[in-house]
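If you want the building blocks of each chain, they are given just below.
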Amino acid sequence: MNFLYAAYTATWIIHITYLASLFRRYKRLRKEIEELKK
Amino acid sequence: MSVLVPITRATLAKDLRLEWRSKDAINAMLFFALLVVVVFSFSFDPDAEESRQIAGGLVWVAFLFAAVVALNQTWARELRNQVLDAYRVSPAPANSLFLAKALGNFIFVGVLEALMTPLFIMFYKLRALGPAWQLFPVAILGTWALVVNGTFFAAISLRTRSREIMLPLLLFPISIPAILGMVNATTAILTGELSARFWIVLLATYDVVFTTACLLLFETVLHAE
Amino acid sequence: MKRVFPILGILTAILLSYALYEALVVAPTEQTMGNVQRIFYYHVPSAWTAFLLFLINFIASVVYLVRRNPVADVIALVTAEVGVVFCTVVLVTGPLWARPVWGIWWTWDIRLTSTLVLWLIYIAYLMLRRFSTSGQTPVLAAALAVFGALDVPLVYFSIWIFRTQHPQPVIGGGGSIDPVMLHVLLINWAAFLCLAALVCWSRYRLEMLQREVEQAQAQESLVAPRGAR
């Protein structure tokens, strides 16, 4: 039973981790764009 | 097409001659091969019965490591002397360069295997219970499988950071069916329990597919560096 | 275009929640395996999605090798990354399902092993893209993708031979599927496909933005700074 919750949780952790890394890269890019605009 | 063979032969002869004269790579690799066999013998020390079951895997993993060391220096000389640029502008077909390198590696790794095998037989008291002659096609097909892809991936890895680790990183996953074939064919022949025929067919198919792919794509890769 | 994205995001979230509800509540409990079997509704759609993404990567790689179209290259990169994410899900949920049901974390059955090899090949692909310093990395990566695609049927065949010689317990057996279960499975697949499309789109936009920024930075370094003369 716990395995079921573990599997579903793991799935979402994997997806959320990836999306978080995308978001972090986006933030960094935005900063670089600000630098360029100066 | 008509220039392919003579240019391949000439390039291969040049490589072999250079290697023979300098002997630095050969000596280092021979010693490395010996070390691998010895270390494996200390790590896995079974009696004669078990040894036949695992020897297939052991031997080919040892060959694989030796092959990677040999493959890593495939293009080293060309890189050092900017030979690749000269090759790119010359009218010589790119495939002749590739075939020369692949054949050179094949001979090289073959020599290493020929030296490591008697040592393995000695340390593990190996004796083939199945048809021993089949070990030759397995060795030839298996070695070519590693070498043809290894030479190609060595070219891809030329301009990467951590070049030496990039080659095995690319080579190992793609080689898994071939490794499965080599190991299981060897085990089948040593134990005599199963037929190695399917595995030999698999290795032959693998060789044909990937040799074709390498020949079709090498020119693209050469110009992409 | 800007408004479509958040709308799609919300729709996907709703679909995923509904699919989760279906998987946990609506789907009938399996007779032999019990509730653990519900992992199936996440495991299988993730696998199908990963394979679809890798197929798109292969097509994009071939298009790039033939046409050198930069969009094809970005599509190849994006589908490889997102494909690896979904493939990781498959490889994690698989053992979590296998352990309680069959007592083992892993077995060298044909589907699991093929998935593992595919995952390894694409991790190698992503490493090549990251570590290559060549100006023509997309070409090299595309060549690798072609090799990977050629390898997959060979992997399948080699493991099939192995399994014929060394029979082992079959995991996730075949046979017909209950129609309600099929319905739940398909809903979850639709939900994950939407998620994949959304993530791919995000990654695509991010990559395009990154390339624009890099180009701008390159041009910036060519222009002499004020007061340099």
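Only a predicted model underlies this, so the values are computations on that prediction, with no experimental measurement involved.

As a further point, take the overall build of chain B. Looking only at helices and strands, one finds nine helices and zero strands in chain B. On C-alpha atoms alone, chain B measures out to a radius of gyration of 18 Å, which is about the 17 Å that the 2.2 N^0.38 rule sets for 225 residues. Projected onto its principal axes, the C-alpha coordinates of chain B cover approximately 55 × 35 × 30 Å. Looking at chain B residue by residue over its 225 residues, the buried ones come to 45%. Put simply, of all contacts in chain B between residues at least 6 apart along the chain, 83% involve residues at least 24 apart.

Attention now moves to the arrangement of the chains. If you rank the two pairs of chains in contact by how many contacts each has, first place goes to chains B and C. The closest approach of any C-alpha atom in chain A to one in chain B is 22 Å; the two make no contact.

Counting 135 residues, the largest nonpolar core has Ala66, Leu170 and Leu203 of chain B together with Ala76 and Leu144 of chain C as the members making the most contacts within it. Here the element with the most residues in this core is helix α3 (residues 70-102) of chain C; it accounts for 17 residues. Other than its neighbours up to four places away in sequence, Ala66 of chain B contacts Met29, Phe32, Ala33, Val36, Val109, Leu112 and Met116 of chain B.

A common way to report how large an interface is uses the accessible area buried once the components associate. The interface is formed by 24 residues belonging to chain C together with 19 residues belonging to chain A. Contributions of two or more residues to the side of chain C that touches chain A are made by α3 and α6 (179-222) of chain C. The dominant element in the side of chain C that touches chain A, judged by the number of residues it contributes, is α6 of chain C, at ten residues. For the side of chain C that touches chain A, the residue count by class is 14 nonpolar, six polar and four charged.

Here we take up the interface of chain B and chain C. The interface is formed by 29 residues belonging to chain B together with 28 residues belonging to chain C. Of all elements in the fold, only α8 (163-191) and α9 (197-223) of chain B reach the threshold of two or more residues within the side of chain B that touches chain C. By residue number, the principal contributor to the side of chain B that touches chain C is α9 of chain B, which donates eleven residues. For the side of chain B that touches chain C, the residue count by class is 20 nonpolar, six polar and three charged.

Once that is clear, we can look at the confidence of the model for chain B. Chain-level statistics for chain B give a pLDDT mean of 86 and a share of 97% at 70 or above. The lowest-confidence element of chain B is helix α4 (residues 76-80) of chain B, averaging 77 in pLDDT; the highest-confidence one is helix α7 (residues 135-156) of chain B, averaging 94.

To continue, consider the packing of helix α6 (residues 94-124) of chain B against α9 of chain B. Two quantities define a packed helix pair, namely the angle between the axes and the distance from one axis to the other. All names here are of chain B. One way to put it is that α6 packs onto α9 with a least axis distance of 9 Å and a crossing angle of 110°. Overall, the two elements α6 and α9 adopt an arrangement that is roughly perpendicular. In this structure, α6 crosses over α9, and the sense of that crossing is right-handed. Where α6 approaches α9, its residues Ala94, Asn95 and Phe98 are matched on the opposing element by Cys214, Leu215, Phe218, Glu219 and Leu222. Broken down by class, the residue content of the contact of α6 with α9 amounts to six nonpolar, one polar and one charged.

Reading the values: the criteria
Residues numbered from 1 in each chain as written. Chains lettered and ligands numbered in written order. Predicted model: local features only at pLDDT ≥ 70, side-chain atom pairs only at ≥ 80, totals over all residues. Helix = DSSP H or I, 4+ residues; strand = E, 2+ residues; numbered from the N terminus. Rg over C-alpha atoms; globule rule 2.2 N^0.38 Å. Buried ≥ 20, exposed ≤ 12 C-beta atoms within 10 Å, placed from the backbone. Contact = placed C-beta atoms within 7 Å. Core = buried A, V, L, I, M, F, W, Y, C linked by C-beta atoms within 7 Å. Nonpolar A, V, L, I, M, F, W, Y, C, P; charged D, E, K, R; others polar. pLDDT = per-residue confidence, 0-100. Axes fitted to C-alpha atoms, helices over the stretch in contact; angles between N-to-C directions. Parallel < 35°, antiparallel > 145°, perpendicular 65-115°, else oblique. Left-handed = near helix turned anticlockwise from the far one by under 90°.

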